[in-house]
Each structure stands twice: as C-alpha cells, then as structure tokens.
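Next come the chains, spelled out residue by residue.
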Amino acid sequence: MSLLPSIRQLQYLVAVVDLRHFGKAAERCFVTQSTLSAGLKDLEQALQATLVERTQRKVLPTPLGEAIARQAREVLAGAEAIVDTARSGGAPLHTALRLGVIPTIGPFILPRVLKGLRKAYPDLKLFLREEQTAALLERLRAGELEAALIALPYDVSDCEVIELGSDPLWLVAPPNHPLILKDCDSVAVSDLSPRELLLLEDGHCLREHALAACHMHQARRNEGYQATSLYSLIEMVANGLGVTFIPEIALSAGLVRDTDVAVKPLTDGSPIRRLGLVWRRSYHRPDDLAALGAYLKGRMAGLRIKRR
C-alpha cells in the first residue's frame, strides 16, 4: 500500500504554491520555516516527484506541483467539512464563517444587522474582511473566504448568488445646486453634467454603477478628483467640487448627517445596484449560507429610506 500524504503536508504545499515563499508559507501554517521545508521534502519523497523548484531568491511550483496543489485544496476542504459537521451536529450557522464585504456596504449594513444575527445564531463565529470586489472574489475562489457580500451587477457567473434587495443611488450635491433647488421630488440623470460628477477611484464597483446610471462610460467627466471612500466623496461635494451618487444604505445609515450637502433620489427607472451574497458552488455547507442570505434579505427592507 502506498504511503499517503498527510493533511499537514498538503497544507504546506498549498501555502507554498499560493505564496511562492517559504517564510510566508510557514507563517500561514504556524510552523517554523525548517519544519515546513522538511515536511514538503517528505511529501516529495513519498510521491517520488519534484513539486517546487528552489532557488536562493524565490520558490516556483512545478506544473505537477500546481496540479497536486489543486487536488490538495479539495482534500483539505473535505477535511474541514468533516470537522464542521462533527462540531455543528448539522445545525445551521453553527460554525466559523469568513465573510468578505466591500467598503461601500460593510460600514453601513453590518453594524445594523450583526447584533440580531448573533442573537439568532449564537454559535456563529463570523470573521470579516473588507476589500474591493475583485480581491474578495479572488479570495473566495481560493478558499480563503466562505462568502462575500457585494454589489451587483458584477460577473459572478461561477458562484451561487442570493440577491438581498435593491440599493438605489441618490444624488448628493451642494444645497444651492440647480438640481437640488429644482421644484421636483427626484432627479433625472439626463439633467446631470458629466463634467461635475465625482467618483470613487478605480477598483470600486460603485464607480462603475454610477457611470452605468448616467451612461457615461465613454463621456468626459470630472477625473481630476477621485475619492478613496464615500466619506471622502461627501467632503468633496461639501467643498463645492462637484456632485456624486451615494447608495441608499449609506444615506439611511446617516452618512451625510451633519454635513453641508443635500440629497435627492433618482427618477424611477434609473439603474440601481443590488446587494448580493455570493459563494463557491463547491462549498460544503450551502445551507449555512442560504440561512445567512435569508436573514440578511429579511433585514434589508428595514434599511431602506421611505420616499414621500
């Protein structure tokens, strides 16, 4: 009977392939570099194959090492599933969960839902990571997250998705702006000049959603100022640099409270973003994420602004 790789050896291989660095891989696995290196050599000897190329400056996985690492991830996921099943006894959200969330959602929705979530599922251990959408999806596909809370539309065709509800964009402008002073309850995006639109920097999906709302992907617009956060955008508008769009969940959370700006909703029929919970189709506890999605969806209605 062939000598089988150990779970620990497979963890070492995956870490080295992911990070291309023995020291960083050892830190991830909470072992010394010599322990990791020895474990990886034992794995190569057991398999009678070279899995990584070692040089003084870098570590490169061989094509065979890459292929075995892909299979190792599946084995490790299966091992984690065994532990989760044993610990939870099958109860929903009776586990640890790594949830990614984007910056234009996290600060405005999580503080208002986490207390109730903990009460509903007291055995849930939720670990949060805030990053832009592309980075979160990369971590999700690599198995570093179980799920991500993002804004749609976005290409997540390879993931399971639960849509949680709509999150319309609102115009934010100086109080004396003509569109604010105009005698109407809402604003048509066709009335907005592209040159005065302020945006988040590249990488934020809200930037693309704002451009889509105005059909401005190819239009000339205010590129002289780009913000790193919604808070920065509001300050720029308050200083008379232009106007912007802010998602409704941020407004209902008080983002513009005590600031020198005014807001108006966009007219009915304007493109809106939607919030969604996404996860890998191969995730071994889909019922957990379905339960989380159902809870968040039920809370979304209470986070909306009631229009007159």
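Asks: Please give an account of the overall build of the protein chain that cites residues and values.
Replies: If you tally the helices and strands in the protein chain, you get 11 helices and 12 strands. Across the 308 residues that make up the protein chain, the buried fraction comes to 45%. Of the contacts made within the protein chain by residues no fewer than 6 positions apart, 74% connect residues no fewer than 24 positions apart.

Asks: An account of the sheet that holds strand S11 (residues 262-265) is requested, with residue identities and associated values reported.
Replies: Pairing is antiparallel across the open sheet formed by 3 strands, whose spatial order is S10-S7-S11. Across the chains shown, the open sheet's two edge strands, defined by having one partner strand only, are strand S10 (244-247) and S11. Averaged over all adjacent pairs, the angle separating strand axes in this sheet is 40°, with direction ignored. Sheet strands in contact with helix H9 (residues 230-238) are strand S7 (169-173) and S10, and its direction is about 140° off that of S10.

Asks: So what's going on with the packing of helix H5 (residues 106-120) against helix H11 (residues 286-300)? Which residues, and what values?
Replies: Taken N-terminus to C-terminus, the directions of H5 and H11 make an angle of 125°; their axes are 11 Å apart at the nearest point. Relative to H11, the element H5 is oriented oblique. You can see that H5 and H11 cross each other, and the crossing is right-handed. Where H5 approaches H11, its residues Ile-109, Arg-112, Val-113, Gly-116, Leu-117 and Ala-120 are matched on the opposing element by Leu-292, Tyr-295, Leu-296, Arg-299 and Met-300. Looking at the contact of H5 with H11 residue by residue, the classes come out as 8 nonpolar, 1 polar and 2 charged.

Asks: So what about the packing of aromatic side chains? Which residues, and what values?
Replies: Overall, the coordinates contain 1 aromatic pair when judged by the stated rule. Residues Phe-108 and Tyr-231 carry aromatic rings whose centres are separated by 5.9 Å and whose planes lie at 35° to one another, so their mutual orientation is tilted. Here Tyr-231 lies in helix H9 and Phe-108 lies in helix H5, a separation of 123 residues in the sequence. Looking at Phe-108, the relative accessible area reads 3%, which means it is buried.

Asks: Kindly report on the environment of Leu-266, identifying the contributing residues and their values.
Replies: With respect to the helices and strands, the residue Leu-266 is situated in the loop between S11 and strand S12 (273-280). A relative accessible area of 3% places Leu-266 in the buried class. In the structure, Leu-266 is positioned 98 residues away from Pro-168 in sequence and 8.0 Å away in space, judged by C-alpha atoms.

Asks: Account for helix H2 (residues 22-29), with residues named and values stated.
Replies: In an α-helix there are 3.6 residues to a turn, and that puts residues three or four apart on one side. All of the buried residues in H2 are Phe-22, Gly-23, Ala-25, Ala-26 and Cys-29. Projected down its long axis, H2 shows its buried positions confined to an angular sector of 165°, all on one face. The inward-facing, buried residues of H2 abut helix H1 (7-19), helix H3 (33-47), strand S1 (52-54) and strand S2 (59-61). Positive phi shows up at Phe-30, right after H2, with a value of about 60°.

Analysis parameters
- Note on numbering: residues in each chain are counted from 1, in written sequence order.
- Reporting of local features is limited, given that this is a predicted model, to residues whose pLDDT is at least 70; pairs of side-chain atoms are given and counted only at 80 or more, and all residues count toward the totals for whole chains, interfaces and linings.
- Side-chain measures here rest on the full set of heavy atoms in the structure, leaving out hydrogens and waters.
- Helix and strand definitions follow DSSP, with helices as H or I runs of at least four residues and strands as E runs of at least two, each counted in order from the N terminus.
- Only protein chains enter the area calculation, which uses a 1.4 Å probe; residues under 20% of their type maximum are buried, those over 50% are exposed, and those in between are partly exposed.
- Note on definitions: a residue-residue contact is assigned when non-hydrogen atoms from the two residues lie within 4.5 Å.
- Only when DSSP finds a minimum of two bridges between them are two strands counted as paired.
- The axes used here are C-alpha line fits, helices contributing only the stretch in contact, and every angle between their N-to-C directions lies in the interval 0 to 180 degrees.
- Geometric relationships in this document are graded by angle, where less than 35 degrees denotes roughly parallel, more than 145 denotes roughly antiparallel, 65 to 115 denotes roughly perpendicular, and other angles denote oblique.
- In a left-handed crossing the near helix is turned counterclockwise from the far helix by less than a right angle, and in a right-handed crossing that turn is clockwise.
- The nonpolar class holds Ala, Val, Leu, Ile, Met, Phe, Trp, Tyr, Cys and Pro. Asp, Glu, Lys and Arg form the charged class, and all remaining residues, Gly among them, are polar.
- Geometry of aromatic contacts follows a simple scheme: Phe, Tyr and Trp rings, the Trp one being its six-membered ring, pair when their centres are within 6.5 Å, and the pair is stacked under 30 degrees between planes, edge-to-face over 60, tilted otherwise.
- Here the arc refers to the directions that run from the helix axis out to each C-beta atom.

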